[in-house]
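Now for the letters of each chain:
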Amino acid sequence: MRIAVTYENGTIFQHFGHTEQFKLYDVQDGKVVNTQIVNTNGQGHGALSGFLAQAQAEVLICGGIGGGAQAALAEAGIRLCGGVTGSADEAVAAYLSGTLAYNPDVHCDHHGHSHGEHSCGENKKGCAGNGGGCHH
């Protein structure tokens, strides 16, 4: 299995569509056996799901992510764990142990638009990792 994480300086980058790097984790028998950091080469929102599909990622752990990108990931068959903050390595370890806290309803594009019950510029309820556990 390959897990991708939006990545910046060891932490989960908080806007999927603007991420410049992913950290890829290759997992065998429930353990990380290899990692690599790959540059997105400036590809934005729509192209990033294709980038991850080409990289053979099966899971994406990220912070905020918009609805269009969520749909593209779903179409590519990539499982999404959004609304996660903190250390990339710790998030992957939590995912593998079945304890990753994520937000299954994350809808954040960081442009200040209102999304129903929250606006990204206000309480960031949809941007923080306050959801259920991400189980695989």
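Note: the structure precedes this text.
The model shown is predicted, which means the values in this text are computed figures rather than measured ones. (Residues numbered from 1 in each chain as written. Predicted model: local features only at pLDDT ≥ 70, side-chain atom pairs only at ≥ 80, totals over all residues. Heavy atoms only, no water.)

(A) The arrangement of the pattern of salt bridges in detail. Taken as a whole and judged by the stated rule, the model has two salt bridges. A salt bridge links aspartate 26 to arginine 2; the nearest nitrogen and oxygen atoms lie 2.7 Å apart. With aspartate 26 in strand E3 (residues 21-28) and arginine 2 in strand E1 (residues 2-8), the pair connects residues that are 24 residues apart, well separated along the chain. (Salt bridge = Lys/Arg side-chain N within 4 Å of Asp/Glu carboxyl O. Helix = DSSP H or I, 4+ residues; strand = E, 2+ residues; numbered from the N terminus.)

(B) Region of interest: the packing of aromatic side chains. Under the definition given, this model contains two aromatic pairs. Ring centres of phenylalanine 16 and phenylalanine 22 lie 6.2 Å apart, and the angle between their planes is 55°; this geometry places the pair in the tilted category. Take phenylalanine 16 and phenylalanine 22: they sit in the same class, and that class is buried. Relative to phenylalanine 51, the ring of phenylalanine 22 has its centre 5.8 Å away and its plane inclined at 25°; by these criteria the two rings are stacked. Of this pair, phenylalanine 22 sits in strand E3 while phenylalanine 51 is found in helix H1 (residues 45-54), placing the two residues 29 residues apart along the sequence. When its relative accessible area of 0% is taken as the criterion, phenylalanine 22 is described as buried. The class for phenylalanine 51 is buried, based on a relative accessible area of 14%. Joined through ring pairs, the aromatic side chains of Phe16, Phe22 and Phe51 make up one cluster. (Phe/Tyr/Trp six-rings, centres within 6.5 Å; stacked < 30°, edge-to-face > 60°. Buried < 20%, exposed > 50% of the residue type's maximum accessible area, 1.4 Å probe, protein only.)

(C) Region of interest: helix H2 (residues 67-75). Within H2, the full set of buried residues consists of Ala69, Gln70 and Leu73. Down the axis of H2, the buried set is contained in an arc of 105°. They therefore lie on one face. Within H2, the exposed residues directed more than 90 degrees away from the buried face are Gly68, Ala74 and Glu75. (Arc of directions from axis to C-beta.)

(D) Expanded view of unusual backbone geometry. Unlike most non-glycine residues, asparagine 9 shows phi in positive territory, near 50°. By the secondary structure assignment, asparagine 9 is in the loop between E1 and strand E2 (11-12). Looking at asparagine 9, the relative accessible area reads 74%, which means it is exposed. The phi angle at glutamine 56 is positive, at roughly 65°, despite the residue not being glycine. Within the element layout of this structure, glutamine 56 appears in the loop between H1 and strand E5 (59-61).

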